[in-house]
Amino acid sequence: VQLQASGGGLVQAGDSLRLSCAVSGRTFSDYGMGWFRQDPGKDREIVAAISWSGGSTYYSESVKGRFTISRDNAKNTVYLRMNSLKAEDTAVYYCAARSGHYISTKTWEYSYWGQGTQVTVSS
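The paragraphs below set out a description of the structure included in this document. Quantities reported herein were computed from a predicted structural model and do not represent experimental measurements.

Brief notes about the overall build of the chain
Looking only at helices and strands, the chain has 0 helices and 11 strands in total. For the chain, the C-alpha radius of gyration of 13 Å lies close to 14 Å, the compact-globule estimate for 123 residues. Seen through its principal axes, the chain has C-alpha atoms that stretch 40 × 30 × 25 Å. Taken across its 123 residues, the chain has 41% of its residues classed as buried. The long-range fraction of contacts in the chain, counting pairs at least 24 apart against all pairs at least 6 apart in sequence, stands at 58%. In the structure as shown, the chain presents an accessible area of about 6100 Å², 44% of it carried by carbon and sulfur atoms. Charge separation in the chain, taken as the distance between the mean sites of 13 positive and 10 negative side-chain charges, equals 4 Å.

Some thoughts on unusual backbone geometry
A positive phi angle is found at Asn76, which is not glycine, with a value near 55 degrees. In this structure Asn76 comes out as partly exposed when scored by relative accessible area, which is 27%. The residue Ser84 is not glycine, and still its phi comes out positive at about 50 degrees.

Focus on the pairing of strand β8 (residues 77-82)
With 5 of its 6 residues buried, β8 lies for the most part within the structure. Sheet analysis places strand β3 (residues 17-24) next to β8, joined by 6 bridges and oriented antiparallel. What sits directly across from Cys21, in β8, is Val78. Bridge analysis of strand β7 (residues 67-72) against β8 gives 6 bridges, and the strand direction is antiparallel. Of the residues in β8, the one forming a bridge with Phe67 is Met82. Hairpin remark: β7 followed by β8, antiparallel, with 4 residues in the connecting loop; positive phi at Asn76, about 55 degrees.

Some details on the environment of Ala22
Relative to the helices and strands, Ala22 resides in strand β3. Residue Ala22 is classed as partly exposed on the basis of its relative accessible area, which comes to 37%. Separated by 81 residues in the primary sequence, Ala22 and Ile103 place their C-alpha atoms 19 Å from one another. Ala22 has contacts with Gln2, Leu3, Gln4, Asn76 and Thr77, leaving out every residue within four places of it along the chain.

Looking at the state of the cysteines
One pass over the full model with this rule turns up 1 disulfide. Across the disulfide from Cys21 sits Cys95; the S-S distance is 2.1 Å. With the S-S bond torsion at 60 degrees, the cross-link from Cys21 to Cys95 turns out right-handed. Taken together, the positions of Cys21 in strand β3 and Cys95 in strand β9 (residues 91-99) put the pair 74 residues apart, joining distant regions of the chain.

Each value, and the rule that gives it
Residues numbered from 1 in each chain as written. Predicted model: local features only at pLDDT ≥ 70, side-chain atom pairs only at ≥ 80, totals over all residues. Heavy atoms only, no water. Helix = DSSP H or I, 4+ residues; strand = E, 2+ residues; numbered from the N terminus. Rg over C-alpha atoms; globule rule 2.2 N^0.38 Å. Buried < 20%, exposed > 50% of the residue type's maximum accessible area, 1.4 Å probe, protein only. Contact = heavy atoms within 4.5 Å. Areas by Shrake-Rupley, 256 points an atom, 1.4 Å probe, with all protein chains shown as cover. Lys, Arg positive; Asp, Glu negative; His and termini not counted. Charge placed at Lys NZ, Arg CZ, Asp CG, Glu CD. Pairing = 2+ DSSP bridges. Disulfide = S-S within 2.5 Å.

Given below as structure tokens:
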């Protein structure tokens, strides 16, 4: 399974971005998906996760109400819409896939990872 994340960039506080993660190699709908982020020197943390069907989602408290995770199983792609961005959202964002249909917030339960895309929010 290969994951290719894109859509990061440099924006100002209050702006929006949409990250995309294209998945190839296996049946996309077999996988639960997650978005994580990591600052240098810090642990990788969950941002949002979505079940195989898109019927269940999870958001960390820091992004709830501002970010939206979604998936298009016909396009083998998962998205992260980020609104009202803050300087503290600055990080490298990673998409990840795990076998099974359900949500997980644990990094070790994800078997496949994308290369990361940098999001920088200036205040």
